[in-house]
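# Descriptive structure summary
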6 protein chains.
Amino acid sequence: MPMINLKITKGESTAAQKAQVIEEMTEVLQRVMGKNPETTIVIIDEVETDNWGIGGQTVTQRRRQT
Amino acid sequence: MPMINLKITKGESTAAQKAQVIEEMTEVLQRVMGKNPETTIVIIDEVETDNWGIGGQTVTQRRRQT
Amino acid sequence: MPMINLKITKGESTAAQKAQVIEEMTEVLQRVMGKNPETTIVIIDEVETDNWGIGGQTVTQRRRQT
Amino acid sequence: MPMINLKITKGESTAAQKAQVIEEMTEVLQRVMGKNPETTIVIIDEVETDNWGIGGQTVTQRRRQT
Amino acid sequence: MPMINLKITKGESTAAQKAQVIEEMTEVLQRVMGKNPETTIVIIDEVETDNWGIGGQTVTQRRRQT
Amino acid sequence: MPMINLKITKGESTAAQKAQVIEEMTEVLQRVMGKNPETTIVIIDEVETDNWGIGGQTVTQRRRQT
């Protein structure tokens, strides 16, 4: 029944990587906290770099500088 | 003033269905909890089936198996 | 499999009201969108009035003025 | 380390406006609460007007009426 | 820079279990997606069983029945 | 109508600081994006340091080390 919401920058992870993260995070909750994997939900939000800020700048701005 | 965030899989609900859910959920909060409908906000996130996991698998994987 | 997150001000709704809202919102998603009620999750966050702002003021401040 | 999630309607703000909001909100948390800007995260979700409800109607419906 | 939000029922996990979940989920994102662990944030919300619904009932109601 | 959700560590900000952040963030959205302050909602979640992870450790663990 637990619920995981993961936010990452958009377009940088493949469907296979996302599937593996979902599988492994579900396993972590089962092994460490005894949570039922059948009702564990994982939702991945992929966010545009224009819409993600860190250190007061967007990720788009940060990458341009490097 | 209450705030509802609904997450569903993407592309499976029409604009009319979404409008009806917004109308009815707002009415439920008014009738049951006395919340002012004028300031009740409902935000619907539609999530790709690659980005939604349940039972340790993505919804994409689950549907392929059936 | 849908997921509803409801945010309301704290301490103003009884357990019975919360249970009724959960029941009715789950029914709305089933009837309007065909969602399976068995896997519909509803999570209610109750927020202190000091931590809820509207119109640039906390709810605590607004209520003091009335 | 604080985390800000901003939800606005989609396609109504430019990249420059979003960057400025990220910069200023990060500065507000630093100045008012002493939060380290280097680890302050801001995530902006842009939501379709069909998926945003207020007053029991979608924003799409509301705008059509005006 | 990724952000994980985990919602679980309240008072059923120890500080040690929560710390281990944080450590392992951060490691999963690093190994599978190449995310920098130094800027990976995990926030755990613990939710009262009166405030968590599944199958149209609160977890409190469900447990009473068993 | 915009919605801001701010997550900070618990018990480190006064009611006055939270009220000021709400006021200023609402003003930023009005000035930069033209958003109506009357319908701008800000919700602050205060999170226990045991429930906040960064760099694979809880904030509780990090502070103990310093």
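Nothing here was measured: the structure is a model prediction, and the numbers come from that model.

Along its length, chain A carries two helices and four strands. Compactness check: chain A gives a C-alpha radius of gyration of 15 Å against a globular reference of 11 Å for 66 residues, more than 25% above the reference. C-alpha extents for chain A along the principal axes are approximately 45 × 25 × 15 Å. Taken as a whole, chain A presents about 2700 Å² of accessible surface, with 45% of it coming from carbon and sulfur. Within chain A, the 9 negative side-chain charges are centred at a point lying 7 Å from the centre of the 8 positive side-chain charges.

Spatially, the eight strands line up as an open sheet ordered β4(A)-β3(A)-β2(D)-β1(D)-β1(F)-β2(F)-β3(C)-β4(C), and their pairing is mixed. Of all strands in the sheet, those bounded by a partner on one side alone are β4 (57-58) of chain A together with β4 (57-58) of chain C. Running over the sheet, helix α1 (residues 15-33) of chain D touches β3 (52-54) and β4 of chain A, β1 (3-9) and β2 (41-47) of chain D together with β1 (3-9) of chain F and is turned about 140° from β2 of chain D. Helix α1 (residues 15-33) of chain F contacts β3 (52-54) and β4 of chain C, β1 of chain D together with β1 and β2 (41-47) of chain F of the sheet and is inclined by roughly 140° relative to β2 of chain F.

We now examine the arrangement of the chains. For the non-touching pair chain C and chain D, the nearest C-alpha separation works out to 14 Å. No interface is formed between chain B and chain E, the nearest pair of C-alpha atoms being 14 Å apart.

A few words on the pairing of strand β2 (residues 41-47) of chain B. A large share of β2 of chain B lies buried, amounting to six of its seven residues. Of the strand pairs in this sheet, β2 of chain B and strand β3 (residues 52-54) of chain D are connected by three bridges, and their pairing is antiparallel. Within β3 of chain D, the residue paired with Val42 of chain B across the bridge is Gly53 of chain D.

Turning to the interface of chain A and chain E, a few remarks are in order. Contacts between the two partners involve 26 residues from chain A, matched on the other side by 26 residues from chain E. Taking both partners together, chain A and chain E bury about 2400 Å²; carbon and sulfur atoms supply 70% of that area. Per-residue buried area on chain A facing chain E is highest for Met1, Val32 and Met33 of chain A; these three make up 26% of the total on that side. Applying the counting rule to chain A against chain E returns four salt bridges. With a closest N to O distance of 2.7 Å, Glu24 of chain E and Arg31 of chain A form a salt bridge.

Rules used in this analysis
- Residues numbered from 1 in each chain as written.
- Chains lettered and ligands numbered in written order.
- Predicted model: local features only at pLDDT ≥ 70, side-chain atom pairs only at ≥ 80, totals over all residues.
- Heavy atoms only, no water.
- Helix = DSSP H or I, 4+ residues; strand = E, 2+ residues; numbered from the N terminus.
- Rg over C-alpha atoms; globule rule 2.2 N^0.38 Å.
- Areas by Shrake-Rupley, 256 points an atom, 1.4 Å probe, with all protein chains shown as cover.
- Lys, Arg positive; Asp, Glu negative; His and termini not counted.
- Charge placed at Lys NZ, Arg CZ, Asp CG, Glu CD.
- Pairing = 2+ DSSP bridges.
- Contact = heavy atoms within 4.5 Å.
- Axes fitted to C-alpha atoms, helices over the stretch in contact; angles between N-to-C directions.
- Buried < 20%, exposed > 50% of the residue type's maximum accessible area, 1.4 Å probe, protein only.
- Buried area = accessible area lost by both parts, 1.4 Å probe.
- Salt bridge = Lys/Arg side-chain N within 4 Å of Asp/Glu carboxyl O.

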